[in-house]
Amino acid sequence: MHSMTGFGSGKCLEDGREVAVELKSVNHRFLDINQKMPKFISFLDIVSRDVISKRISRGHFEVFISYTNQRDDSKKVEVDSQMLSQYMDALNEISKTYRIGSEITFDNIMRMQGVFTVTEQEDDQEAIISIAQKALNQALDNLIVMRKAEGENLHKDIEKRMETVKEIFNVIIDEAPKVPVEYMQKLKVRIRELMSDINFDEARIMTEVAVFADKCNIDEEITRFKSHIMQFEKTIEMNEPVGRKLDFTLQEINREINTIGSKANNATITTAVMDIKAELEKVREQVQNIE
């Protein structure tokens, strides 16, 4: 079991090219990837999504990618000879006209605007992609380690809470046979009170009471509840992303316990139902962060 919360970073330097990656993830219903990188390496957007989607199934990801080219051929300096000639002609004209001595140095030339142009050389995209994939996988390795560790903590907490749920549910199982009996007794007493001055077919009335009281029987709900709990426990041990399955099974468990609470007119069961729902809500909060 893996959590959807994690952080990982990776860096790869090859032949003067370096790609650095940072990944942050939180819970999300699906795989949602938001990326930030310089525009000149925007072609890595598709590469990053492909690498992440092959190893992660759910979570909102913030991806930060940077690239540095330290190679000697990464930049090219060009001299505008025509512009430099115009500067030199102008300086010579000033020197002659105003009789100003002039000693032109390289420092003077470096300050002349428009003489030098520094351009970025077109880089090797295939080389960048190869380096980026390595940096991304390294970041994912670190992130997955964190998500796995957090997932183990979630696993332990959920197991503990589900054991508590089963213990409380045993109270409901013990009380369940009493529900229709107690309800039928209460109905009999109430009917006799209301019809004390009226002649009526008691046998027929008692038959109807028994049928009506049987509607309070929660045996089927108990069976389904136990079945859903077993399914939940099997799912939690699967070696695959189980967040959605657990969430669905938890909804079914909640549906059954709500039905039991509404059908059983029993104070002990009502208290147990409330306690179970409180634990299930805590489990639901944990399940929301499981991949």
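Residues numbered from 1 in each chain as written. Predicted model: local features only at pLDDT ≥ 70, side-chain atom pairs only at ≥ 80, totals over all residues. Heavy atoms only, no water.

*Asks:* I'd like a rundown of the overall build of the protein, residues and numbers included.
*Replies:* Within the protein, the regular secondary structure consists of 9 helices and 6 strands. In the protein, once contacts between residues fewer than 6 apart in sequence are set aside, the share between residues at least 24 apart is 82%. For the protein, the accessible area works out to roughly 17900 Å², and carbon and sulfur atoms hold 50% of it. (Helix = DSSP H or I, 4+ residues; strand = E, 2+ residues; numbered from the N terminus. Contact = heavy atoms within 4.5 Å. Areas by Shrake-Rupley, 256 points an atom, 1.4 Å probe, with all protein chains shown as cover.)

*Asks:* With reference to specific residues and values, describe helix α2 (residues 81–98).
*Replies:* Here α2 contains 18 residues, and its C-alpha end-to-end distance of 26 Å stays within 8% of the 26 Å for a straight helix at 1.5 Å per residue. Looking one or two residues past α2, Arg99 carries a phi angle of roughly 55°, positive in sign. (Expected span 1.5 Å × (residues − 1).)

*Asks:* Give me the pairing of strand β2 (residues 17–26): which residues, what numbers.
*Replies:* In terms of burial, β2 is a largely internal element, 7 of the 10 residues being buried. Note that β2 and strand β4 (residues 59–69) share 10 bridges and pair antiparallel. Each residue of the ladder has a partner; that of Val26, found in β4, is His60. (Buried < 20%, exposed > 50% of the residue type's maximum accessible area, 1.4 Å probe, protein only. Pairing = 2+ DSSP bridges.)

*Asks:* Tell me about helix α1 (residues 44–55), and name the residues and values.
*Replies:* Taking 1.5 Å of rise per residue, the 12 residues of α1 would be expected to cover 16 Å, and the 17 Å separating its terminal C-alpha atoms lies within 8% of that figure. Here α1 has its buried residues at Leu44, Val47, Ser48, Val51 and Ile52. Looking straight down α1, one finds that the buried residues subtend no more than 120° of arc, so they occupy a single side. Residues of α1 that are exposed and point more than 90 degrees away from the buried face comprise Ile46 and Lys54. In this structure, the buried side of α1 is in contact with β2, β3 (31–36), β4 and α4 (125–175). (Arc of directions from axis to C-beta.)

*Asks:* Before we move on, could you go through the sheet that holds β2 and cite the residues and values that matter?
*Replies:* If you walk across this open sheet you meet the 4 strands as β1-β2-β4-β3, and the pairing is mixed. Two strands in the sheet have a free side with no partner beyond their single neighbour: β1 (6–14) and β3. Ignoring strand direction, the axes of neighbouring strands in this sheet form an average angle of 15°. As paired elements, β1 and β2 share 9 bridges and run antiparallel to each other. (Axes fitted to C-alpha atoms, helices over the stretch in contact; angles between N-to-C directions.)

*Asks:* Describe the packing of α4 against helix α9 (residues 267–287), and please don't skip the residues or the numbers.
*Replies:* Orientation of α4 relative to α9, taken along the N-to-C sense of each, is 165°, at an axis distance of 9 Å. One element, α4, and the other, α9, form an angle in the roughly antiparallel class. Here the hand of the crossing between α4 and α9 comes out left-handed. Here α4 contributes Leu154, Asp157, Ile158, Arg161, Met162, Thr164, Val165, Ile168, Phe169, Val171, Ile172 and Glu175 to the contact with α9, which in turn contributes Thr268, Ile269, Ala272, Val273, Asp275, Ile276, Glu279, Leu280, Lys282, Val283, Gln286 and Val287. Split into classes, the residues belonging to the contact of α4 with α9 amount to 15 nonpolar, 3 polar and 6 charged. (Parallel < 35°, antiparallel > 145°, perpendicular 65-115°, else oblique. Left-handed = near helix turned anticlockwise from the far one by under 90°. Nonpolar A, V, L, I, M, F, W, Y, C, P; charged D, E, K, R; others polar.)

*Asks:* Help me get a handle on the packing of aromatic side chains, residues and values and all.
*Replies:* With the rule as written, the count across this model stands at 2 aromatic pairs. Relative to Phe225, the ring of Phe169 has its centre 4.0 Å away and its plane inclined at 15°; by these criteria the two rings are stacked. One end of the pair, Phe169, is in helix α4; the other, Phe225, is in helix α7 (residues 219–236), and 56 residues separate them in sequence. Each of the two residues, Phe169 as well as Phe225, counts as buried. (Phe/Tyr/Trp six-rings, centres within 6.5 Å; stacked < 30°, edge-to-face > 60°.)

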